[in-house]
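Residue-level listing of the chains:
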Amino acid sequence: MSDFRINDYNDSGAYQIMRGINRADDTLWTEEEKDTSIMDLADKKAQGIENKSGLTVALEDFAKTTSGFHGSNSSNIIPEDTEATFFEKIGQFFGKKSDNMFKSEEGQELVAQNGAIYQNNIFDSSLAKYGGIQYAKEGDDVYESALNFAKADIDAIEKAYQMASENCERNGKLQLHELGSYMDYDGNAKEALQEMNLAGSKKDLTAQEYASYLILADGMIETQNGTVFDPNAVDGLISKENAEAIKEFTNGDLQLMAQKIYDENF
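Definitions and limits used
Residues numbered from 1 in each chain as written. Predicted model: local features only at pLDDT ≥ 70, side-chain atom pairs only at ≥ 80, totals over all residues. Heavy atoms only, no water. Helix = DSSP H or I, 4+ residues; strand = E, 2+ residues; numbered from the N terminus. Buried < 20%, exposed > 50% of the residue type's maximum accessible area, 1.4 Å probe, protein only. Polar contact = N/O pair within 3.5 Å; in protein donor to acceptor, adjacent residues only side chain to side chain. Salt bridge = Lys/Arg side-chain N within 4 Å of Asp/Glu carboxyl O. Expected span 1.5 Å × (residues − 1). Contact = heavy atoms within 4.5 Å.

1. Side note on the overall build of the chain
Thought 1: Across its full length, the chain holds 13 helices and eight strands.
Thought 2: Residue burial in the chain is summarised as follows: out of 266 residues, 54% are buried.

2. Details of the side chain of Arg-19
Thought 1: Note that Arg-19 resides in helix H2 (residues 19-22).
Thought 2: Under the relative-accessibility criterion, Arg-19 is labelled buried at 1%.
Thought 3: A polar contact is formed between the side chain of Arg-19 and the side chain of Gln-119, at a distance of 2.6 Å.
Thought 4: A polar atom in the side chain of Arg-19 sits 2.5 Å from the side chain of Asp-153.

3. What about the pattern of salt bridges?
Thought 1: One pass over the full model with this rule turns up 16 salt bridges.
Thought 2: Linking Asp-61 and Lys-64 is a salt bridge whose minimum nitrogen-to-oxygen distance equals 3.9 Å. Highlighted residues: Asp-61 and Lys-64, both in helix H4 (residues 54-65), separated by three residues, approximately one helical turn.
Thought 3: The class for Lys-64 is exposed, based on a relative accessible area of 57%.
Thought 4: One salt bridge in this structure joins Asp-155 and Arg-170, with 2.6 Å as the shortest N-O distance. Taken as a pair, Asp-155 in helix H8 (residues 142-164) and Arg-170 in the loop between H8 and strand E4 (174-175) lie far apart in primary sequence, 15 residues in all.
Thought 5: Residue classification places Asp-155 among the partly exposed positions, given a relative accessible area of 28%.
Thought 6: Here the salt bridges do not stand alone but share partners, grouping Asp-25, Lys-240, Glu-244 and Lys-247 into one network.

4. Here we look at H4
Thought 1: In a regular helix each residue adds 1.5 Å, so 12 residues correspond to 16 Å; H4 covers 16 Å between its end C-alpha atoms and thus fits that length.
Thought 2: Extensive coverage of H4 is indicated by the burial of 11 of its 12 residues.
Thought 3: All buried positions along H4 are accounted for by Gly-54, Leu-55, Thr-56, Val-57, Ala-58, Leu-59, Glu-60, Asp-61, Phe-62, Ala-63 and Thr-65.

5. Here's the deal with the side chain of Asn-100
Thought 1: Here Asn-100 shows up in the loop between helix H5 (86-93) and helix H6 (105-114).
Thought 2: Residue class for Asn-100 comes out buried when judged on its relative accessible area of 8%.
Thought 3: In this structure, Asn-100 is in contact with Lys-45, Asp-61, Lys-64 and Thr-65, ignoring residues within four places of it in sequence.

Here it is as structure tokens:
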């Protein structure tokens with residue numbers, strides 16, 4: 001459904017399930033993957049939007065634009081998807097420009113050059129430009145930005161799953177049956193969701209829960225006493241080191257730390 005890779009397997013549900021964490025631990029293997037053009041365009045749009053990174057707005061616009069799998073096994077955007085709809089053409093006639101980055105002139109050219117753009121390409125572009133997953137710009141509120149990113153990521157996952165299954169309910173929560181659409185989890189995903197629960201439901205994760213774990217990963221630092229969470233270290237970028245640190249903890253330990261973040265901020 002949505003193209004996704006993972007480097008290794010472990011028992012950390014937060015690492016396995018949340019793309020905002022594990023994609024920071026990915027490696028770019030080809031020159032194409034090191035291309036920053038998607039994020040360059042997304043960052044231009046995000047400059048004028050409070051508490052949203054380029055990665056967040058790119059995922060939002062991807063979900064609005066993609067219309068199918070187009071012969072692939074993953075959702076993607078092709079040039080036909082970027083063409084203006086009837087009502088958008090009317091708006092253009094009166095001088096209104098599209099606020100969708102993929103339907104702007106630069107965006108249309110970018111999609112045409114690539115032939116197709118996948119969710120994987122969007123994450124790769126963040127890795128190429130920032131060396132990790134940037135969910136907040138400088139000056140943004142990291143908690144609001146984490147929540148906005150979580151909402152965008154979940155919606156992009158659900159949009160892809162919805163196009164593959166008529167039984168999908170886009171409810172803004174990361175549900176068990178949706179996990180298999182973008183990851184290959186060798187652990188017990190159902191048990192992981194239960195152990196990661198912060199809001200009361202043991203069958204899904206809300207955007208607020210996702211954001212809490214994102215903040216937790218971002219604040220992981222190495223000290224003489226081992227890896228700990230430092231709220232002062234939260235900077236809006238999940239690095240490879242942050243993602244690796246998450247894997248050192250059990251779901252239960254992470255849940256206790258994330259619960260405090262959730263209760264105080266969401």
